[in-house]
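Each chain, letter by letter, is given below.
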Amino acid sequence: MILPTTLRWRIQLWHSLLLLLVLVGFGLAAFRYQERNILNNLEKELRTRLDIIHAGMPVPRPGPRPEGPPGKDRPPPRDDDGPMFNLSAERAAFFQEAAGDSFYYQIWRRRGEPWARSGTAPKNIPLPARTTGLGLGFTDRERGDLREVFWFTPTGDALLVGKSAKEELAEIQRFGRTLVLLGSGIFFLALAIGWWITKLALRPVQVIAASARRIAAGHLEERIPIREQRSELGELSGVLNETFTNLESSFERQARFTADAAHELRTPVAIILSQAQAALLRERDPESYQRTLEACVKAARRLQQLTESLLELATHDAGALQLQLEPCDLAKLTQETADLMQPLLADQGMKFSCQLAFTPCLADANRIGQIMVNLLTNALHYNRPQGTIYLTTRCDQTEVVLSVRDEGEGIAPEHLEHIFDRFYRAEASRNRQFGGAGLGLAICQEIASAHGGQLGVTSTLGQGSEFTLRLPAKPSA
Amino acid sequence: MRLLIVEDEPDLLASLAEILRDEGYAVDEAADGEEGLEKALMWDYDAVVLDVMLPRLNGFEVLNRLRTRKKTPVLMLTARNRPQDKVRGLDDGADDYLAKPFELTELLARLRALIRRASGNAENIVRIGDVVIDLAAHSVHKAGQPVSLTARECILLEYLAQHRGRVVTRTQLYDHLFDENESSLSNLLDVHVSNVRKKLGHDFIETRRGLGYCLK
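Keep in mind it's a predicted model, so treat the numbers as computed, not measured.

Q: Explain the overall build of chain A to me, please; I cannot follow it from the model alone.
A: When helices and strands are counted, chain A shows 10 helices and 12 strands. For chain A, with 477 residues in total, the buried portion stands at 24%.

Q: Explain the nonpolar core to me, please; I cannot follow it from the model alone.
A: Side chains that are nonpolar tend, in soluble globular proteins, to be buried together. With 66 residues, the main nonpolar core has Leu3(B), Ile5(B), Val6(B), Val48(B), Val49(B), Leu50(B) and Leu75(B) as its most contacted residues. A total of seven residues in this core trace back to one element, the largest contributor, which is helix α1 (residues 10-22) of chain B. If we skip the residues at most four places from it in the chain, Ile5(B) touches Leu13(B), Leu16(B), Ala17(B), Val27(B), Glu29(B) and Val49(B). Listed in part, the 33 residues of the second largest apolar core include Ala331(A), Val400(A), Ala448(A) and Leu471(A).

Q: It is not clear to me how the interface of chain B and chain A should be interpreted in this structure. Could you clarify?
A: Frequently, the measure chosen for interface size is the accessible area removed from exposure when the parts meet. Contacts between the two partners involve 20 residues from chain B and, on the opposite side, 22 residues from chain A. If you tally residues by element for the side of chain B that touches chain A, the top one is α1(B), at seven residues. Of the residues in the side of chain B that touches chain A, the class split is nine nonpolar, one polar and 10 charged.

Q: What's the story with helix α10 (residues 440-450) of chain A in this structure? I'm lost.
A: Helical geometry: 3.6 residues make up each α-helical turn, so side chains three or four residues apart lie on a common side. All names here are of chain A. α10 sits mainly inside the fold: nine of its 11 residues count as buried. Every buried residue of α10 is accounted for by Gly440, Leu441, Ala442, Ile443, Cys444, Gln445, Glu446, Ile447 and Ala448. Structurally, α10 contributes buried residues whose contacts are with α5 (286-317), α7 (365-382), β11 (454-460) and β12 (464-472). Gly452 occupies a position one or two residues after α10 and carries a positive phi of about 85°.

Q: Is there a simple way to think about the environment of Leu215(B) in this case?
A: With respect to the helices, strands and loops of the structure, Leu215(B) is situated in strand β12 (residues 212-215). Separated by 52 residues in the primary sequence, Leu215(B) and His163(B) have C-alpha atoms spaced 7.8 Å apart.

Q: What is the right way to look at the packing of helix α6 (residues 151-162) of chain B against helix α7 (residues 170-177) of chain B in this model?
A: Any two packed helices are characterised by the angle at which their axes cross and by the distance between the axes. Residue and element names in this part refer to chain B. Viewed as axis vectors pointing N to C, α6 and α7 meet at an angle of 130°, and their least axial separation amounts to 11 Å. Taken together, α6 and α7 sit at an angle that is classed as oblique. With respect to the hand of their crossing, α6 and α7 are arranged in right-handed fashion. Residue-level inspection shows Arg152, Ile155, Leu156 and Tyr159 of α6 in contact with α7, the latter providing Leu173, His176 and Leu177. Of the residues belonging to the contact of α6 with α7, the class tally is five nonpolar, one polar and one charged.

About the criteria used
- Residues numbered from 1 in each chain as written.
- Chains lettered and ligands numbered in written order.
- Predicted model: local features only at pLDDT ≥ 70, side-chain atom pairs only at ≥ 80, totals over all residues.
- Helix = DSSP H or I, 4+ residues; strand = E, 2+ residues; numbered from the N terminus.
- Buried ≥ 20, exposed ≤ 12 C-beta atoms within 10 Å, placed from the backbone.
- Core = buried A, V, L, I, M, F, W, Y, C linked by C-beta atoms within 7 Å.
- Contact = placed C-beta atoms within 7 Å.
- Nonpolar A, V, L, I, M, F, W, Y, C, P; charged D, E, K, R; others polar.
- Axes fitted to C-alpha atoms, helices over the stretch in contact; angles between N-to-C directions.
- Parallel < 35°, antiparallel > 145°, perpendicular 65-115°, else oblique.
- Left-handed = near helix turned anticlockwise from the far one by under 90°.

Spelled out as structure tokens, the structure:
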């Protein structure tokens with residue numbers, strides 16, 4: 001389920017590498033320190049013992065050095081041999097302390113002939129090289145497991161103390177093993193804890209991924225559960241959720257638009273089909289055929305109007321609307337449209353009341369005329385009988401305003417906010433008789449915004465509605 | 001058979017009603033949800049054709065309210081043919097669902113099936129003696145020879161055939177054979193019954209005096 005390419009594995013890998021580096025570094029340092037410590041101790045002890053031996057040596061007698069066979073632990077006193085070397089019992093005890101018989105010493109006379117040695121000394125200890133001359137310093141030497149310290153006395157004798165370092169080396173090894181064991185223990189424990197921590201830390205990511213997968217699979221209503229609002233992932237989830245909400249509503253709008261469009265298109269098709277099929281079922285009189293054809297033409301007209309509206313909306317959506325901007329006077333356009341509609345108004349016993357001030361603007365006269373026809377037709381349909389339609393234009397520095405007010409029933413607030421939505425009809429039955437599909441105001445709004453203006457509406461139930469078209473004023477150049 | 005059509009498109013309503021009347025059904029019309037519900041509750045229709053997008057009361061609401069009182073077969077007719085709309089309609093108690101634009105023959109076949117199922121018959125062919133009634137083709141044969149019946153006579157016969165062995169009252173027949181515009185209790189029914197008897201034999205439809213008619 002989890003491949004080595006996952007974040008968790010990568011974190012784990014880096015974590016383990018780093019951990020290994022730190023552990024090895026510390027381990028090596030500790031090992032070195034301990035090793036040095038132990039060996040230094042050994043050296044110190046060797047030197048202490050060297051001092052003991054030196055202090056126990058008889059004071060040399062001046063005169064030529066005799067030569068002779070290498071001395072024993074207690075060499076027999078010989079006159080020309082100088083004083084006999086004899087380590088007192090307490091010194092010997094102190095020399096060995098509790099270390100068993102592991103310490104040894106050997107003494108050579110000036111010319112290199114062995115003079116005295118301890119019983120524990122190994123055979124054939126090579127005479128140290130006289131490198132330091134008659135120096136005062138001790139010199140350390142390493143022979144296999146043996147650690148030795150030697151010193152040349154001012155009289156030229158060579159003094160050597162040694163010890164087998166087997167125990168110390170073994171101790172160092174034990175320490176090393178302990179370090180390795182402990183280190184790997186810590187390593188694996190830390191790995192396990194790290195694995196667990198990354199799992200905890202990455203769980204929100206998995207939750208996000210799972211939610212996103214479900215959303216991708218079509219469950220658009222799904223959201224990422226947010227536990228910690230203020231963590232980084234919580235913030236990310238919040239942003240994603242917002243995006244999903246926008247997506248969902250956009251999908252919904254799209255789906256609703258498609259369904260509405262399909263509905264509006266299918267209904268006239270159904271009328272044409274059923275009318276024609278009914279006519280074909282049996283012989284009918286000419287009037288009946290006439291009625292059928294009229295119904296078919298009416299339905300086809302509706303289809304035509306609808307497809308044109310849809311096409312126009314598609315043009316707006318694609319941003320492909322070509323505006324033929326020219327200087328024009330909103331008041332003049334309004335007056336022309338009002339004159340055109342005057343006969344229709346008179347039929348209903350209504351009248352216009354115009355207050356038209358000169359309102360220069362840069363606009364596509366045909367498109368603005370389209371908005372006006374739409375607004376005036378709506379006002380005509382929804383006005384009360386014998387009512388008045390008030391037309392006003394005014395302008396200021398920045399914008400020109402046309403307002404169309406009727407004295408009808410007004411629009412309920414719940415409809416008002418949707419009035420510019422595509423296919424929205426406040427009341428299906430009432431609008432149906434005017435044959436609208438609910439696209440007119442949506443198209444007007446698109447035209448207005450293509451001009452950089454907007455279409456607004458206010459309405460009071462029982463008193464009427466007022467539609468306001470605002471366009472940018474013509475820049476006074 | 002008496003049907004109710006609830007449809008807010010006047011042209012569609014008119015043509016549907018005409019087609020169904022041509023088929024011999026008695027057809028009532030309603031132009032919005034409220035009117036439709038009112039009529040559906042008032043009369044025992046054999047089937048209701050119900051549009052979904054209706055003013056005042058949409059098709060789903062009409063169906064919901066109707067189902068609290070009656071089991072009238074309902075065929076939902078709508079331009080919304082998304083699966084979830086169909087599911088909702090059927091779950092709410094619609095008996096069938098047809099998307100606009102529809103094939104006329106399909107609508108007629110579905111209506112026949114609805115009415116047949118509601119009366120408890122599985123087959124379209126009813127045999128009574130040497131008379132064979134084909135409910136789907138609206139044809140009647142006697143001794144292998146086709147009998148010519150008017151649409152109304154045919155529907156009368158089919159209604160009796162679907163309630164075979166049971167007594168059908170005159171009121172029942174009036175309610176199911178005539179629509180709201182012609183339901184005066186005239187002697188129209190007697191004329192149709194006597195016409196059928198002339199064509200299929202006098203004893204084919206029995207008269208139960210004071211009760212109604214019966215087909216054996």
